[in-house]
Each structure stands twice: as structure tokens, then as C-alpha cells.
Amino acid sequence: MMKRALMVAEKPSLAASLANILSNGRSTNRKGINNACSIHEWNMQFKGESVHFLMTSVCGHVMSLDFVGKFNNWDRVDPAELFHCPTEKKEAVAKLKMPSFLAKEAKGCDYLVLWLDCDKEGENICFEVIDAVRESMRITDHNVFRAHFSAITEKDIKAAMNNLGKPNENEAKSVDARQELDLRIGCAFTRFQTRFFQGKYGDLDASLISYGPCQTPTLGFCVQRHDEIQTFKPEPYWVLQVTVQTSEGKEVVLDWERVRCFEKEIATMFLMQVKEFKEAKVTSVSMKEKAKVRPLALNTVELMRVASSGLGMGPHHAMQIAERLYTQGYISYPRTETTHYPENFDLLEVLRQQQHSSDWGEEVREVLSSGINRPKKGHDAGDHPPITPMRTASRSELDGDAWRLYDYITRHFIATVSRDCTYLSTTAKFEIGKEVFKCTGKTLLDPGYTIVMHWQSFSKNETVPPFSDGEIVNIQEAKLQECQTCPPDYLTESELITLMEKHGIGTDASIPVHINNICQRNYVAVGSGRRLVPTSLGIVLVHGYQKIDPELVLPTMRSALEEQLNLIAHGQASMHAVLQHSLEIFKQKFLYFVKNIEGMDQLFEVSFSPLAMLGKALSRCGKCRRYMKYVQAKPARLHCSHCDETYSLPQNGVVRIYKELKCPLDDFELLSWSAGNKGKSYPLCPYCYNHPPFRDMKKGSGCNACTHPSCPHSLNSNGVSSCVECDGGVLVLDPASGPKWKLSCNRCDVIIHIFDDAHKVAVDDGTCECGAQLICVNYKEERTKLPNEATELTGCVFCSPDFANLVEKHRAINRPNRMAPGGRAARGRGRGRGGKGRGKGKPKDKMAQLAAYFV
DNA sequence: GCAAGGTC
């Protein structure tokens, strides 16, 4: 039987190109089970025999790192634990079913050839792929290969195929280490600061106060510029300005060679000296041919810079549009670091496609007829060719921003093969006494690429009148001009991208994400000219880090971390050693930060208002009976200033008091939540919403204990009875506890299990002499445990003899009393074991589920 | 709900 080889690329587009090259255009194509990846097949000689090849791809990382389930609970986990708690790899995008897709295609394969991108992330994905196919094919040292390629060209790809190597485990491990460090450090700091400041201030206007080794230094750049502006002290200075008249009577303003002077007396002295003369003498006229060079081929970072500064589009938005242009076939792959066209890149063909364009066809035809200029030598990062147009588009087929981006990409491409713009730079020097002045001008020789990139062309007034050596001209005016030094302006997005690139913060793909993050988290706002103006939250955060531990916000922190990771990649240190070392350092930094958070808090105090000062009284607290305040600013929440407790609420809706009713479990006044005017509303108890009373009930799952007519927890309904073991306690029937039904008291620690295997249990309308509500139980006929095969029984769990055999009453051990005098225990009741199913899901689903138990 | 990195 013919042997089979599975080949895997990093993304579908690359799999298609590789298959096309390797099969000489003879591959067949089918969709994979996840509908995202295609499989290209053909036969080809390999290792001396004909082999059936399958070329497919992943979509970036197959797996991603996360904490194991219970450590994702912000309430129960101390963020310091995140530095050592267990982690696990989860499928990066569950709906792509990537591991099972790969496993399926690997079945019956004899070879695995990895065509992941040739960088550390790609190396890491190699091992994710190997892990995914391990069960389906026998993986040995001899049947797994790694293709090393530096450009998607026939020459390079075929050479890679003929010279396969092995995946680099050290590089992959360095990525594993990076993932773990980023996860643990980022989440620990984020959770701590979010909790700390959200519990104190009501007008932060941010639901998350995040920290990240990339996003925080990014914010740092913006705040640094803000500080420079704030601390800037304008200084006056004086400029000696002389206007002369040419022989043709034209006025020309000369530039002073000393440029400016910061002392008025001295400047005045120079002026007096100059004033003694009526004429200026031209001492030299020099002319030099200079060039404005054509641009380098376009890569992602440059595209983002231009989109922001030239087109007013944010980098995130620009990349979304670029991606759409790419998938529609208008441009080449838009994520690349490379600024150098591959040797066999058909520049002429791409250019010819554009020659009939009504927008730049004329310029293209000119370039074609005069012959293309060899593009400037750029940098080949070995990833993808530079960004170029792939087919013509007209203004009508692309909408606004898509057209503007396509227009730029195409003009940029044409410019890279156009001539440089050349001009004559003329400098005339003048002497007035001992002072020297000059006047420079530019005369266009050849507009070159600026015809197509017209916004870079010369303005008309840059030419200089034809002075000649030794010429004497009249001085028309000499005066001092008083000026002031100006502060820098806020950082433009384009400048920020340059800074990030320079300091190695983020990658071409993640730079827009980080910038987007700090905007969305309300740390910076985008001002006019796409300048990034930090908000008071952003400023206070950065100043706080600088006060406690400046390294946390330093751009060098990321590169220091990368240096450690490189030790792993180069095999100079084990992953374990590096992780242990770096995690220990950051854990100490974290603990120090927590201990000294007061320093940051002092800054918050000045800019923000404490929760207690904000909001309006809304509903009563179940613990102290005082009114709690509703804080409307994001995230909406309730705050009891007497108990100093904050209760989160469902977001993006309207919260009102609900009929002045109280929750039977904890005496908190009930609220009604509705989504806008026409949206559905449901009642909720603020305490139960934060501390679910039943096991399996997700925090924040909506109506927990309330008096909504259809809510089973209501006293008016069927879920709650009085407890007669204690004074004033309420027995709650846990609707999710069947078939071992459970009633538990919210005041004493009684738990009553009843009617194992009962089909349905409900609290009846009737009341027993002892004061408890009657309980009604239903069995299915075949499973009844009642005398005479009855299927229904109503009675009291405390006194009815009929119930004696069916009730099991005990006291919970170590269960904190929900209404203990010293304040309510934080833990809810009766969440004995984990599990899934009932009690989960959206509020409305849960209502339906609960209702089903009691109707 | 959290990071950063791939990519769709």
C-alpha cells in the first residue's frame, strides 16, 4: 500500500500555497470537519517511493494555557496562589475542534511534516500538532520532520522539502514558559488590583483594572509623554529675523545661523549690530542634488502607522479591514514583518494589473514605459512577502475605509518600483557684519514616486530665488521675534507603534491588540489626530507602579523576560529553572506590591470618589438594615457603607426596587432588573446573586431567592418552609438536589434529606401544627416507596409519622451559619459536590428549569 | 471577568 504523509501549515492560506507549489498545481482539495481548514492531496516522490501527501493547516495555536477550573473563581482564590497553582492546556478555539481534526487526518499516515511558521511560536505549534496526532499515528524519531523555509517561493519551498530537519524542542519550551509567565503574572496582578480598587471607588468607570507585561508598558509610554507635557516649562527665546529684497523686488526672509538666543539682552545686541547695515552680502551659493527616496516594501507595522497617521484609522480597525481585503483576494497576506520582495516576485505582473485603473493607471503606464526601478533592499524576516495588491479594484466595489486602505497599499507598491524624487537643494549664505544668515530652497528635478504618493510631493513655495555669489541685496527689515518653547504634544498612535516595535513589546499581530486594550479599559482616549491621551485612571495606575515598583511599568521588563526565555530557546537553561526563577521574582514583586498598595491608593484617593460617597440609596441591606447605595458607574453595583460590602449586579440594565419585598433567605431587599425599556425583567436578591444559596447555582445567574410569582424560592410559592428547630429560620428546598432531595435551614445548621428517588418534591400550601409548611412528595408508580403503592404523600417533615422512614435529618458539620451574629458567613449553603446540569445557564433558562420542579 | 500569542 502507498505510504501517506501528513503536512501541517500554520494557517489555511499557507497550506494552499504550499500544496500548490509542491504539487506543481496538481493537488485536489476538500474541506475538513471543522469547515475552517482544507486538505490538499497529491502524490509525489518521497524517500525513494511514491507517497500520498495530505497538506492541511491549523489556525494558529491549537492549545492555550489556563488555570484548572477552580482557580478561575475570583472569590475563592487568593491571587498569590496563581503563581504556583496547577494549569492545564485547553483547546484554543473549542469550536474548531482542531485536535480531533488533526487526529482524524493523521490516521494511517506514516510521516508527519511540519510547515509551521519559522519562529518560536511556530516551533511550539509543531509540538501541539505532534501531541494531537500522537494517538492516530505512530510517532517516532524517524517519521516527524520540520520544514525550514524563509519565503513562500517555489525555490525556497522545494529546497525546504528536500532538506527536512527536526522541530526544535527548546524553542517550543521557551514559548511554553512565556505562556505560563504571562498567565500567572498578568492574572495575579489583574485580579488583585481589580478587586482592591473596585471595592473602594465608585467612579473608576472600568469593570476591569488589568495588568499585563505588554499592555502596561504600552500605557507607560502614553503616560510618560503626558508627564513630559505636564512638567514642561515654556521658555522664551528670541530669533533675529532679517528680510531682504532681491533685485527683482521679491521679499525673502532669511534664517539666522545661530537659530535662536535665550537671553533677550544678547539677542538685542545682535540686532543692534545688524541694524548698522543696510545691505547683506551673498557669500556663497551652493547647489546639491538630493533625493527623497522611494519607500521600502510595505510590512504590517508600517501599514498600521500610515493607517493611523495618514488615514486616521486605528491599527486594530485597519488590520480588520486589511484582513477582509486579503480574504477577498485584493491584497496579499497582511501580517508580515518583511520589507523585501522575494527574488522571483513578479513585480511587473502586479504593476501591469494596475495599468488600467482610473485612479493611478496613468502613473503606472509611465513607470511601465520608462522601466521599473529596482526596489530598495529591505529586511527579509522569512515570514511572508510584503503587502501588495493582488488584483485591481475600483472605487465602487470597495466601501469607504476598505477603498482608502487599498488605495494606500497600491500607491505604496507603485512607489516602491518608481524612481526616487530628486530635487536641487540651493543654499545661499549671507553676511551682515559678522552675523551669518542663510536661505535654502528646493527645486524639483524629478517628482519620481511622489506623483503616485502625491501627499509627499513638494509644496510650491520651497524654491529659492536665484541669488549669485557676491551679490549685494537690500535689507528691508531686521527685527527680533519673541517666541516660546512649546511642550511636546501627546503621543500619536503611530509614534506609539514605533516605540513598541523598538522595545520589542508585542508583535506585528499583537501590537494593535495591546493598543486596543488600553483604550477599551479606559486607560487612554484617542484624541484628535489619533493622539493618545491618558485618562486619570491610566495616569494614576502608571504613577502608582512608579511609586511602588517602577520595573512593573518599564519597557525593559519585557525584554528582560525575553532574555530569560532565550536561555531556554538556546538550550542554555532548563524551562523548569527559568520558570522557577522568574516566577519567584514576580511573586516577590507581587507580594511587595500588595503590601504597598497604599502608595497607589493615595493617588486613587485624589482622583476618585469612594463608593460610600457615590450613588443613591436604593434598597436595604439584610445585615444592618440600613440603605445601600446603588453605584451606577461601570460596573453597576450596590454598596453598603455600614458593612463596607460591595455587591455586584447584572450589568447593562435598569435596577429598581421590587415591591419592597425581602429575600426570605437573608432579608436583603429584592430588586428588579430589566434590560432597557422593553426588555424582560426579573427579580433578584443582591446577596444571593453574589452568594448563591444552592450548589450548582452559578454566581450571578439571576433570580435566586425572590418573590417572583413563578420563582420556586418564594414564600408565596413552593420552595420555602419555616424551620421549627430554630427561631425564625427558613427551610429552603434545593431544587437541584433531587433525587436525594434536600431542605436546609438558613439560620441553624439543620439539613433534611428526604425521599430518596422521589420524582418531585414541593412545599405545600398547608401548615402543620408545629408551624412548618407541609411538604408534598410524588413518586413515579414503579418507584414508589409509600405504603399501598401510593404515589403522593403530604405531611410535615418534622412531625408526620408517615414521613419518619423517609426523612433523614442531620446537622451540617463545619458549616458556617448563614446568619451568624458576627456577620454572615461568606460561604453559601449546601454546595457539597461539583457537577453539572441544573441551576446553570441564563436566568430565563434557569427559571424554566426551576419551574419544572415545582409546577 | 484575568495575560499574550497564534489566527478566522
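Now for a quick tour of the structure. (Residues numbered from 1 in each chain as written. Chains lettered and ligands numbered in written order. Predicted model: local features only at pLDDT ≥ 70, side-chain atom pairs only at ≥ 80, totals over all residues. Heavy atoms only, no water.)

### Re the packing of helix α8 (residues 300–309) against helix α12 (residues 400–416)
Between two packed helices, the angle of one axis relative to the other and the distance separating the axes together describe the packing. Basically, it comes down to this: Comment: axis = line fitted to C-alpha atoms, over the contacting stretch for helices; angle = value between 0 and 180 degrees taken between N-to-C directions. A helix here means a DSSP run of H or I that spans at least four residues, while a strand means a run of E at least two residues long, and both kinds are numbered starting from the N terminus. To sort the angles, those under 35 degrees are grouped as roughly parallel, those over 145 as roughly antiparallel, those from 65 to 115 as roughly perpendicular, and the leftovers as oblique. By definition, turning the near helix anticlockwise from the far helix through less than a right angle yields a left-handed crossing, and turning it clockwise yields a right-handed one. Here a residue-residue contact requires only that any non-hydrogen atoms of the pair lie within 4.5 Å. Note that Gly is not counted as nonpolar here; it falls among the polar residues with everything else outside the nonpolar set of Ala, Val, Leu, Ile, Met, Phe, Trp, Tyr, Cys and Pro and the charged set of Asp, Glu, Lys and Arg.
Relative to each other, α8 and α12 sit at 125°, their axes nearing to 11 Å. Classified by the interaxial angle, the pair formed by α8 and α12 is oblique. In the packing of α8 onto α12, the handedness of the crossing is right-handed. Contact residues: L303, V306 and A307 in α8; L405, Y408 and I409 in α12. Class assignment of the residues belonging to the contact of α8 with α12 gives a composition of six nonpolar, no polar and no charged.

### Some points on the sheet that holds strand β23 (residues 681–684)
To keep things clear, this is the line we draw: Two strands make a pair as long as DSSP finds a minimum of two bridges between them.
With antiparallel pairing, the three strands of this open sheet are ordered in space as β21-β22-β23. Across the chains shown, the open sheet's two edge strands, defined by having one partner strand only, are β21 (654–662) and β23. Going across the sheet, the axis of each strand differs from the next one's by a mean of 30°, ignoring polarity.

### Thoughts on the protein's contact with DNA strand B
Quick reminder of the rule: It suffices for a single heavy atom of a residue to lie within 4 Å of a molecule or strand for the residue to be listed as near it. Whenever a nitrogen or oxygen atom comes within 3.5 Å of another N or O atom, the pair is scored as a polar contact, on the condition that within protein one atom can donate a hydrogen and the other can accept it, and that pairs from neighbouring residues in sequence are kept only if both atoms are in side chains.
C59, N72, L96, R191 and C214 are the nearest of the 44 residues found near DNA strand B. Near the protein, meaning within 4 Å, the atoms of DNA strand B are sugar or phosphate in a fraction of 62%, with bases accounting for the rest. In this structure, K11 approaches DNA strand B through a side-chain N or O atom, which is 2.8 Å from a phosphate oxygen. Broken down by secondary-structure element, the contributors of at least two residues to the surface near DNA strand B are β5 (63–67) and α5 (169–198). Considering each element in turn, the surface near DNA strand B owes the most residues, 11 residues, to α5. Grouping the constituent residues of the surface near DNA strand B by class yields 15 nonpolar, 16 polar and 13 charged.

### Looking at the packing of aromatic side chains
In this description, a pair of aromatic rings is defined by centroid distance and the angle of the planes. Put simply, the rule reads: What counts as a ring pair is set by centres within 6.5 Å for rings of Phe, Tyr and Trp (its six-membered ring), and what kind of pair is set by the plane angle: stacked under 30 degrees, edge-to-face over 60, tilted for all other angles. Note on exposure labels: buried denotes an accessible area under 20% of the residue type's maximum, exposed denotes more than 50%, and partly exposed covers the range between, all computed with a 1.4 Å probe on protein chains only.
In the structure shown here, the tally under the stated rule is 34 aromatic pairs. An angle of 85° between the planes, with centres 6.2 Å apart, marks the rings of F46 and F145 as edge-to-face. Of this pair, F46 sits in strand β3 (residues 38–46) while F145 is found in strand β8 (residues 144–146), placing the two residues 99 residues apart along the sequence. The burial state of F46 is the same as that of F145; both residues are buried. Three or more aromatic residues link up through ring pairs in this structure, and these residues are F83, F189, F192, F196, F197, Y201, Y211, Y545, F590, F593, F604 and F608.

### A short note on the pattern of salt bridges
Just so we agree on the cut-off: Whenever a carboxyl oxygen of Asp or Glu lies within 4 Å of a side-chain nitrogen of Lys or Arg, that contact is scored as a salt bridge.
Counted under the stated rule, the structure contains 39 salt bridges. Residues E123 and R146 are paired through a salt bridge, measuring 2.9 Å at the closest nitrogen-oxygen approach. In this pair, E123 sits in helix α3 (residues 120–133) while R146 sits in strand β8, placing the two residues 23 residues apart along the sequence. For the pair E123 and R146, one class covers both residues: buried. Residue R225 pairs with E228 through a salt bridge whose shortest N-O separation is 3.6 Å. Of this pair, R225 and E228 both sit in helix α6 (residues 215–230), three residues apart, which is roughly one turn of the helix. On the accessibility criterion, R225 (18% relative accessible area) is buried. Residue classification places E228 among the partly exposed positions, given a relative accessible area of 36%. Among the charged side chains, a salt-bridge network with shared partners connects E121, R178, D182, R558 and E562.

### Section: the nonpolar core
Rule in force here: Only buried Ala, Val, Leu, Ile, Met, Phe, Trp, Tyr and Cys residues count toward a nonpolar core, and they belong to the same one when joined by side-chain atoms within 4.5 Å.
Counting 62 residues, the largest nonpolar core has F593, M600 and F604 as the members making the most contacts within it. No other element matches the eight residues that α5 contributes to this core. Ignoring sequence-local partners within four residues, the contact set of F604 consists of F197, Y201, L204, L537, V540 and L541. Counting 39 residues, the second largest nonpolar core, distinct from the first, contains L298, V306, I331 and V350.

### Thoughts on the environment of T556
Examined against the element boundaries, T556 turns out to sit in helix α16 (residues 556–569). The spacing of T556 and P217 is 339 residues in sequence and 8.6 Å in space, taken between C-alpha atoms.

### A closer look at the sheet that holds strand β1 (residues 3–9)
Pairing in this open sheet of six strands is mixed, and the strands run β2-β3-β4-β1-β7-β8 from one edge to the other. Single-partner strands in this sheet number two, and they are β2 (28–31) and β8. Between one strand axis and the next, the sheet turns by 25° as a mean value, whatever way the strands run. Pairing of β1 with strand β7 (residues 111–115) involves five bridges; the strand directions are parallel. Counted as the bridge partner of M7 is V113 from β7. Helix-sheet contacts for helix α4 (residues 154–161) involve β1, β3, β4 (49–57) and β7, and the interaxial angle to β7 is about 145°.

### Some details on the pairing of strand β22 (residues 669–674)
Counting buried positions along β22 gives six out of six residues, so the element sits mostly inside the fold. Of the two faces of β22, the one lined by E669, L671 and W673 and the one lined by L670, S672 and S674 are each fully buried. Linking β21 back to β22 in an antiparallel pair, the connection comprises six residues, with D667 at a positive phi of about 70°. Inspection of the sheet shows β22 paired to β23 by four bridges, in the antiparallel sense.

### Observations concerning α6
Just so we agree on the cut-off: Expected span, for any helix, means 1.5 Å times one less than how many residues it has.
Here α6 spans 23 Å end to end across 16 residues, near enough to the 22 Å set by a 1.5 Å rise per residue. For α6, the tally of buried residues reaches 12 of 16 residues, placing the bulk of the element in the interior. Among all positions in α6, only Q215, T216, P217, T218, L219, G220, F221, C222, V223, R225, H226 and I229 are buried. Of the surrounding secondary structure, the elements contacted by the buried residues of α6 are α13 (493–502), α14 (511–520), β15 (524–526), β16 (532–534), α15 (536–548) and α16.

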